[in-house]
Every structure is written in C-alpha cells, then in structure tokens.
Amino acid sequence: MANGPALSTARSGEVYQTSPLSLLDVLYANQFEGKVIDPEVVKQAEENFYRGAPPNWLNFYISEKAESDGTGTPFIKRDGYDKLVGQIQKQREFRGISTVKLFHQPGCGGTTLAMKVLWDLRKSFRSAVLTGSTSDITNVAEEVVHLFTAGSRGHQNTVLLLVNDEESLENLQDNILEKITEQQIDTRMPVVIFLNCVRKDALLQNRDNVVLQKQLSDTEKQKFDEKNKELCRKYSDKCNQFHGFNIMQTNFSLAYVEQICKVFSTVQRANKQKKAQLAAFISLLNAYVPGSYLLESQCLDFFKHDDYIHGDFSLEDRMEPFSHLIITFQEASGKKVCMAHPMIAQCCTELMVEADVARSDTARNLLTTLCRDEVPAFFVGFVKDMLTKRRPKPQETEEENQINSTEMKEEQERFSRLILDIQRMENDVQSASVLKMASNKFGQNPFFPQALARFYYTELKDYNQAEMWAKTAKQRDPKNSFIADTLGQVYKNNLKNIEHSANPREIFQLAAKAIEAFKDEEQLAENERGRDMKGDGKTKVSHVFNTRGMFGYLQVCNLVYDLLVKQNETWRGVLTKKVSLGSVLGSLGDNKLFRFNALINSLRDEVERKCAFFDTYLTYSKPDMKKDDRSYISRDTSDCYRKYVGDSPPKHFKEKGAILIQKLKQNLVDTSARVLSCLDRECTESHLKEITTWWEEIFLQSDSVSALANYILAHIMLRNMGAMFPSDCNYLTVFKQKMPLIPKDSPELHMLTLLLCWPTNSKEKCVLDLNKLIQSMHCSYEHAYEIHFRSRYLPPLFFIGKGQDLTRIVHRKVLKEMVLEQNDETIQDWNNNWSNEKIFEDPKVQARLLKVEGVVRNYRVYATIGGTVIEMDANLRNRLWKTRQVSFYIGVNIRGPVAFAIQTKPAKKDMASSEPKEIKPQLSPWMDNNGGHFVDLHQTALINRVTDTEGILLKLKDRRLISNENYEAVRALKSTQDQMSGILQSLTSNTMGKDALYEILKRMKSMRPLINELEGSD
C-alpha cells in the first residue's frame, strides 16, 4: 500500500481511495501489500484466531503469504466456498442489486467463510463489511454508492457487501436505487451484491442457499487434520489451547468441550471468586447472545477493588484457571473479551447450574455488578437481546422451506431464550425476578418493563402487576404505539380469562379500560407518520403502521359480545343498537349499567369503521411479496362484523334502500374492497349474481357513483368467474360520462376508470389523458391509504388482458387458478410468484394477458400507448437498471398500473425471418493472407510479455468468451506466463475469442507498444 489504499476497478486495475467511510469496513485491493508487519503482531493475530477470536483481514493475509512462501497449508475453506463464489460470480452477469445468502449455525465458521470469500474476491470486487447500524439506512446507501463509483463515474466497480442483518436488505436496496437515481449515475455493471450472512440455531439443508452446520464432511475433516499437523509443528503445546480450531477439528465434539470446561465444575454457589463470577457472566452472555462481548476495561473494573490485595495483574492472570477458555482480541472500538466458542459458553453455563449456580442467579449478579452507574450502549443492547429478544418458533414445514425465514410466516416464541430456559428449568417467579431487576436497573428503557408486563399477564395471570409494569413501560416511551399496545393486551387478557360468573358491570369495567388503551394506541399509531416523521431523539420512528390497537379493539368487542349474550340474549339487541339500553335496563336487573351507555352506543359504529379498515387493508396490501397476513385477523374481523353489524340493522335504520344495504352488510359486500375480495373469499356464482343485482338496484334508487362503480366491479368479478350473465353490464356509458375524475375521488373509482378506458392495444389512443389519470390516482391513494399501507406490498388486483370491454379485465385469482391447476403448486409457491414473476412464463397466462411495449430509462419504466409515453411503477425495481426497449404486462393495484415481467425487446434483426440461410465461413480481419490469426502467429511473445492477465481474464469473462470454470482455473495459476498460456488454450478453437483478445490487448494502454511492435513484424 505504498501509494495508499486502493480499490479494484472493473478492468482489474486500481484506483486510490482518499475519503474513509464510517459505516463500512472496506477491504482494499492492495490490503497489507508493501507493509512491514511486526512478526509479534502476526504471531498474536494467528494465535488469537485459532484460539477462537473473530477473524480479521490480517488472518487471511498471513495465511495467503505462508501458502505462497511454501511455509503453510492453505486457509481452510468449508465446502460451501465454491458454491458461494459461483453464486456471486453468476450475479455479476445481471445489473442492479442482488443477494447471495449464507446460513450458518453459531460457531461453525460462517462469518470466517464469508470474509474469506470477500478476501479472495477483493481484486475483482470492492469488498466491504457493513459495520454501521442498519437504522442509519440512508447513510449506508450513500456510502455504498460512493464505494461503487470511487468518487468518479469512470471508476465504477461492483461492491460485494457482507451484511448480517436479514431484515434491512429490502429497505437498503430501495435506498441505494434512490441514491443512484438522484445522482443520475449510469451504471454499467451491478452496483452491489449483498452477501447476507444469516445466523440460525437450527438449520436444514437447502438446495438454493449455502448452509453451514456443526458437522464436517470427510473432505473438511481431512483439511482440518492437515492444518492441525501444521499448527502442532509450529506451536507445539500451545495448540492444546486453540479451542476455536480444535472444536471444529474434532467435528464439534461435545466430549472435547466438556473435558476442557471441567474447571467450572469446581465452582461453588457460596463464596464464589470474582474470576468465576466474571467467567459465568461472559458464558451466559455468549450462550444467549451470539457475537456478544465485554470490553477488557469492564472486566478490569470488575476486579478494581481487589487491586490493593493482588496488585496490577493482567486480565489473563486474574482469570486463571479459566483463562484458556476466554479470548481477548483487539478491534477498532477497543479490546474485547468473550468465550472461545459458543459451545464452551453453553457448556460452562450448564456446569454452573450443576454447581448450584442457577441461570437466574448469574443473570441477577450480572445486572447488579456490571450495570452500575453509566452502562455502555452496546452492553445495554446485549442485555436487552438476552432478556427480551424473541426467537422465531421452529416450523414443521418441508425441509427446503425450513431455512428461508423471509419466506415463512414465523411465529415468535413467547419470551427470550434465557427467560424461557429459566422458566422451564427453575420457575416463573425467577423469570419475573430477572426481568424486574432489569426494569429497575435500566430506568429509561421501556422494553424490560414491557416484557415483564407480558410475563405477568400470560404466565402468572397477575393482572395488577401486569398493569403496573405496562404503565411503567408506557411512561418511559409515551409516543411509541407498540409499547402502548401492552397495556391494552393486559386488560384484554384479563377480560378473556374473567370468570363466567362475572356480572355485566365487571365485564364493562374491564372492557372500558381495554378499549381506552387500544384507542390511545390507535391514535399514537396515526401520529407515527413513517419516513417523513421526525423523531424526538428518544422515540423510534416506525416505518410500519401499527394496526394492533384497532385489532385489539375488535377482539375486546368479540369478548364482550360472547360473554354478555351467553348470559342474556337481550344483550344481542343492545350491542347491535336494535334496542336501546335504557329500554331494557329493568330486564337486565342492574340500573347502574347505564353509566356505560355512551360506550355501548359507540361499539357498533366503531366496529363497522374498524372492520371496513381491515377489509381494505387485507384486500389491497400484504406484509411483503412473499407473506400473507395471518388468517386469524380476517377471521376475527369478520366474526366481529357479523355480530355487531351484519345480523341486524339498528332501530333507526329506515333510509332509502335500507333493506338492500343491510343485505350487503350481512354478506360482507357493502364496500368496494369487499366486492373486490369476493373471488378470494370463494363466493359462489349465484351469490355474486345476487350481489350484482343488489348494487344495481341501489344505484337506480340513489344515483350514487360509488354504487354504480360497485355494480360494475361485481359484474367484472362475475365475468372473471366465467359466469353466463343474461345481459351485458348496464350503465357503463353512464359511468364513463362521469369521467374524468379528481384526486378527491376514491382510489377505487380511479382504478375502475383506468381499467375501463385502457386501450385494447398499444396503438389505440385513450379517450382520457392516462398520465393525468394515473397521477390523480396516485394522489387519491396517498390521501386515502398511504399512511396505513406504508412499507407493505400492494399486490395487483387486476391485469389488462386481451379482448374487448370487460372481458379483458383479468382478476389475479384467474391467473392463480391457471397456475395451481396446471402445476399443482402449493399456496406458498403461489405467494412467491409476485417476487419471482415465474407465473408469466406460463403459456396460458401469456395467452390471456396483453403485452405492451415500452422503454426503461433513468431507472424508470414507461409504456408506449397510442403514441403517448406513460410512466408506471415496476413490480420488481431490479429490472430497471439498464436503459433498453422492453415489453411487459400491466397489472393494476389500488395505487395505479404496475409493469410485470419486464423483458428486453428483441432487436429487429433477431425478429427477422427465421428461414434457414446458407452459412458462409467468416474470415477474421486479424488473419494474414495465409489464414493465420495474429494471436496464433505471436503466441510465444504474448505468453512471455503480456503482464495484465487478470484484466484480460475479466474482460473475456464479461463477454462470456471464457467459462466460469476456466476463469477460476486460469486465475489460480501462479505466474502471468502460465495464466497467458491458459488464456490462449481456452481460445484456440474460437476465432471470436481470439478476435476479442486482440481487441482487448489493442485497447490496453500498457500493451499498445507490444501490439504495435508485433504488427510491424508481420
């Protein structure tokens, strides 16, 4: 690094980096090159690594240098290495952003493997590790783009970024695209490939991703045995303490771990020495929070009161006889201390329990001794994860789906692993005690009292204590709707578990508290405005709209209805407002119930409003492309609606068309969203015909545009069901006369207008200005739904198909049935269709839908309709990286039209007649009169004098003139002469390849003198 840190270029050159990045640990192409490293530093780094310290870049440099010098065996690469590198190289063929996943169990070398891949690819990619917080996603994106361009648009090269956080990837991808668009960067290659290193406790094999488990293959065992012999020769007896390495070398032997941890069996509950206590703290922390650590300064502070007695000893000396199980290593933020391996941490924790030192004892002792005064933020985070982080429950699903958490509906465990283990192995009281101590120790943190409140109401059924701690949590973060939810849950669970003999007054007292808490939560959620909301420095801004308050309200209403109606049928009429409370107080036998009259009168209308919200929420959006909302949300919502609204109209319900409207409510089709969900809810043809007729009659009585729209939508649903209707859809002309619309009109009206006026082919002109209509629809959506649907995926409701009039409006369910019927796919496979768009490869789907032409430019997609260019969203934004002519299908969601299955349009010459023509041999322009190619004639000179073989290899690979296998094989050769010889061997039978090699050499500034000399000698 004589000239400073350098980044690799796409042409295998180097560009020098001047500005450091604060959120990324960048691995430079010339890392450590030209530096003289102190042999003691090298020795210490290698010893620490094999003892169990996390790898650093120096470890890979040391190993690489030893291998090249012939003094060491290669760095061990676990079996997933080649697959991982192959997947990364394959992603380089596609522009944009992609992700390669590595799943690994803690302590099996997953992070080491990922960093080894980054090290080996540093000359062709810009390797980096994301070290900053993923909450600072905008600045992370800024730094990734800066690393991609290296400060200049002419220095682009793909970033290979190691990311441990699985959940932030999609958000980070969107932010990077926004930055690229803002800076108007014309990308010529992939911007970034995420290497997502996902740590999981339980894994099953998966054919698509690399999976590392605590089990070695025979090949891996052989590699570890060879390395063990080398280390024994080099370090002699020191190898006995290389526990990180030895655990893997013994194939994760539990017997080995138990043997080296035997020292913990001497620990006694009474009169524990400080070193035993500290070892127990580190073990507990590492056993339950992978990647956790203490700072050496924290450990020494723990011993400071003993300094007068023992003197100023090192931490290693103080920790004897536990020192060999603990590793101290240096990182940028200071010296860190942890157990040498997660299996050691787990075993030591178990041995402490056998010595009568329970997990709860260790946890309380840790909180008492290490959490005095001001606690470092990182350590608060570790304690928070240890006591409150809930893991996903294991799912009993097919093997290949088991691993892919982003594609599963994962339920969380009730509490953190430590709290559950204390509950299982000790008792509920001890679990609560630990959470209570943490709540008191961290007086500003809301998450400990929140978890404690949940423990009280779910496990101990102590609702008074639960209420107190839920209120404490809320006081600590009064603007956080998710924290506020806990108080409502306390009251709701109390109501759920109330004795059946409870009288109505007791029921309403509890219900009133729950409803007030959930309404307060709902209001807080409305105030959390997502990306545009500014935090106050304490409150975390939510990018997801919290619906728990509204859903909790409906659950309480369900409980109230069931409890009261079971006692007395009179309550059915009161709760549905069919009769007033005052008129039946005598028969209910408690005049004091009238104090709840206002609450009772509000329930029916509030239920109707909240159920309408959930119907739009569930019909128009979903958590992401691959997930559906949990089925109980729809079930409980529908049950509550039928109880309070659907069964009977209120007593004052006498307006025009009242009977028809009540019929619609009883059948859950009284709004546009409910009409649009008819096919998803498996409505029968006869039922849907009735619904269509009811909406037509309501329109004729009221002349309402919304009623007319719902009639037309119901008719469209019937058409998609394949129903034979006695006549065409009436009043289409009436609806069209009411166009164009204004942004204040509902998104549903805009959507119907768009569907009805969309041209039947790309050449036909539209009667309306489609750009203005789409813009108006976007504004309408923003006003009606954006706050609530933020961060959720908007699935298509319809697609534009072939044909005329309403027959060309294709509901998504029609496509679903086509695919499931033909391929026997599961519902899970179907959910993936929006994320992989494979559905559009189905010939039946292609025959049903209308394909339109357009263009991708400036990271946006445009359709060309009737000579007009119309901008629209893309379902997969990763298809927008390359400017080109395209074709695609158009889906319509509640926000507007969306381009699906964007494909590059074949060039005209490719679309010409496919009749066979006589193929004549083509002569290369770089052949002499005798047919000898320049590359063949000067093979010896090229082998001996060409030096930049890596740049040539990459260019040949980019042009797909050399296979991945040959690329890696040639690149592995030691000398440039051997590499050039390998390149020529790969191209000997390929005139196109030899032509490309000549062009590459001719354009390389360093090679021009040689090429000119050789050309002059011909």
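Residues numbered from 1 in each chain as written. Predicted model: local features only at pLDDT ≥ 70, side-chain atom pairs only at ≥ 80, totals over all residues. Heavy atoms only, no water.

Moving on: the overall build of the chain. Helix and strand counts for the chain come out as 47 helices and 18 strands. By the burial criterion, 54% of the 1018 residues in the chain qualify as buried. Within the chain, contacts between residues separated by at least 24 positions form 71% of all contacts whose residues are at least 6 apart in sequence. Split by element, the accessible area of the chain, about 47600 Å² in all, is 48% carbon and sulfur. (Helix = DSSP H or I, 4+ residues; strand = E, 2+ residues; numbered from the N terminus. Buried < 20%, exposed > 50% of the residue type's maximum accessible area, 1.4 Å probe, protein only. Contact = heavy atoms within 4.5 Å. Areas by Shrake-Rupley, 256 points an atom, 1.4 Å probe, with all protein chains shown as cover.)

Backbone hydrogen bonds are what pair the strands of a sheet, in a parallel or an antiparallel way. Strand order in the open sheet formed by three strands is E9-E11-E10, and the pairing between neighbours is antiparallel. The open sheet has two edge strands, strand E9 (294-295) and strand E10 (326-331), and neither has a second partner. Summarising the sheet, E10 and strand E11 (residues 334-339) pair through six bridges and their orientation is antiparallel. Each residue of the ladder has a partner; that of isoleucine 327, found in E11, is cysteine 338. Where helix H10 (residues 274-288) meets the sheet, its contacts fall on E9, E10 and E11, and the angle it forms with E11 comes to roughly 85 degrees. (Pairing = 2+ DSSP bridges. Axes fitted to C-alpha atoms, helices over the stretch in contact; angles between N-to-C directions.)

A separate point is the confidence of the model for the chain. Looking at the chain as a whole, the pLDDT averages 86, with 88% of positions reaching at least 70. The least confident element of the chain is helix H17 (residues 399-402), whose mean pLDDT is 38; the most confident is helix H21 (residues 463-476), at 98. Under a pLDDT of 50 for its full length, residues 910-923 has, in the predicted model, one contact with residues more than four places off or in other chains. (pLDDT = per-residue confidence, 0-100.)

What follows is about the sheet that holds strand E8 (residues 210-212). The sheet built from six strands is open, its strands ordered E3-E5-E6-E7-E4-E8 with mixed pairing. Whereas interior strands pair on both sides, the edge strands pair on one side only; in this sheet they are strand E3 (24-27) and E8. Here the strands of the sheet are splayed against their neighbours by 25 degrees on average, with no regard to which way each runs. Here strand E6 (residues 159-163) runs beside strand E7 (residues 192-199); their pairing, made up of five bridges, is parallel. Opposite leucine 162, over in E7, you have leucine 195 as the bridge partner. Across the sheet, helix H4 (residues 110-120) lies against E3, strand E4 (97-104), strand E5 (126-130), E6, E7 and E8, angled at about 165 degrees from E7, the strand it touches most.

This brings us to the packing of helix H1 (residues 39-51) against helix H2 (residues 57-69). Two quantities define a packed helix pair, namely the angle between the helix axes and the distance between the axes. Contact geometry for H1 and H2: axes closest at 10 Å, N-to-C directions at 105 degrees. For the element pair H1 / H2, the angle class is roughly perpendicular. Between H1 and H2, the residues in contact are Val41, Val42, Ala45, Glu46 and Phe49 and Leu58, Asn59 and Ile62, respectively. Classifying every residue of the contact of H1 with H2 by side-chain character gives six nonpolar, one polar and one charged. (Parallel < 35°, antiparallel > 145°, perpendicular 65-115°, else oblique. Nonpolar A, V, L, I, M, F, W, Y, C, P; charged D, E, K, R; others polar.)

Structurally, threonine 158 is set in the loop between helix H5 (137-149) and E6. Separated by 2.6 Å, the side chain of threonine 158 and the backbone oxygen of proline 190 make a polar contact. (Polar contact = N/O pair within 3.5 Å; in protein donor to acceptor, adjacent residues only side chain to side chain.)

Interhelical geometry of helix H15 (residues 359-370) versus helix H18 (residues 417-425) gives an angle of 135 degrees and a closest axis separation of 9 Å. Put simply, H15 runs oblique to H18. Contacts from Arg359, Ser360 and Ala363 in H15 reach Leu418, Asp421, Ile422 and Met425 in H18. Split into classes, the residues belonging to the contact of H15 with H18 amount to four nonpolar, one polar and two charged.

Now for the side chain of serine 98. Within the secondary structure layout, serine 98 lies in strand E4. A relative accessible area of 12% places serine 98 in the buried class. Only 3.3 Å separates the side chain of serine 98 from the side chain of glutamine 91, close enough to count as a polar contact. Once you skip the residues sitting within four places of it in the chain, serine 98 turns out to touch Gln91, Val192, Ile193, Phe194 and Asn878.

A few words on the pairing of E6. Across the five residues that make up E6, a large majority, five, are buried. Direction of pairing for E5 relative to E6: parallel, over a ladder of four bridges. Looking across to E6, one finds that valine 129 is bridged to leucine 162. The β-α-β motif built from E5, the intervening H5 and the parallel element E6 has right-handed crossover chirality. (Right-handed = clockwise from strand over helix to strand, strands pointing away.)

What follows covers the pattern of salt bridges. Tallied over the entire structure, the rule returns 43 salt bridges. Among the salt bridges present, the one from aspartate 520 reaches lysine 474, with a minimum N-O distance of 2.4 Å. Here aspartate 520, found in helix H23 (residues 504-527), pairs with lysine 474, found in helix H21; they are 46 residues apart in sequence, far enough to count as distant. Among the residues examined, aspartate 520 registers a relative accessible area of 29% and is labelled partly exposed. One salt bridge connects glutamate 871 with arginine 860, and the closest N-O pair in it is separated by 3.4 Å. A residue pair is termed long-range when its members are at least 10 positions apart, and glutamate 871 in strand E16 (residues 868-874) and arginine 860 in strand E15 (residues 860-865) qualify at 11 residues. Residues participating in the shared-partner salt-bridge network are Glu522, Glu606, Arg609 and Lys610. (Salt bridge = Lys/Arg side-chain N within 4 Å of Asp/Glu carboxyl O.)

Taken as a whole, this structure holds 44 aromatic pairs when the rule is applied. Ring plane angle 45 degrees and centroid distance 5.9 Å describe the contact between phenylalanine 551 and tyrosine 632, whose orientation is recorded as tilted. Here the residue phenylalanine 551 occupies a position in helix H24 (residues 548-567), and tyrosine 632 occupies one in helix H28 (residues 631-646), the gap between them amounting to 81 residues. Measuring from centroid to centroid gives 5.9 Å for tryptophan 834 and phenylalanine 900, while their planes differ by 65 degrees, and the two rings are edge-to-face. Of the two residues, tryptophan 834 is situated in helix H39 (residues 833-836) and phenylalanine 900 in strand E18 (residues 897-904); the sequence distance between them amounts to 66 residues. Using a relative accessible area of 3% as the deciding quantity, one classes tryptophan 834 as buried. Classification of phenylalanine 900 by relative accessible area gives buried; the value is 1%. Each member of the aromatic cluster is reached from another via a ring pair, and the members are Phe32, Phe49, Tyr50, Trp57, Phe60, Tyr61, Phe75, Trp119, Phe224, Tyr235, Phe242 and Phe245. Over the ring of tyrosine 862 we find arginine 857; its NZ or CZ atom is 4.6 Å from the centre of that ring. (Phe/Tyr/Trp six-rings, centres within 6.5 Å; stacked < 30°, edge-to-face > 60°. Lys NZ or Arg CZ within 6 Å of the ring centre and 35° of its normal.)

Glancing now at unusual backbone geometry. In this chain, glutamate 320 is followed by proline 321 through a cis amide linkage whose omega measures 5 degrees. Within the element layout of this structure, proline 321 appears in the loop between helix H13 (315-318) and E10. Of note, lysine 461 is a non-glycine position whose phi angle comes to about 55 degrees, a positive value. With respect to the helices and strands, lysine 461 occurs in the loop between helix H20 (447-460) and H21.

As for its placement among the helices and strands, threonine 570 is situated in helix H25 (residues 570-575). By relative accessible area, threonine 570 is classed as partly exposed at 26%. Along the sequence, threonine 570 and leucine 588 sit 18 residues apart, while their C-alpha atoms lie 7.8 Å from each other. Here asparagine 568 takes part through its side chain, which lies 2.8 Å from a polar atom of the side chain of threonine 570.

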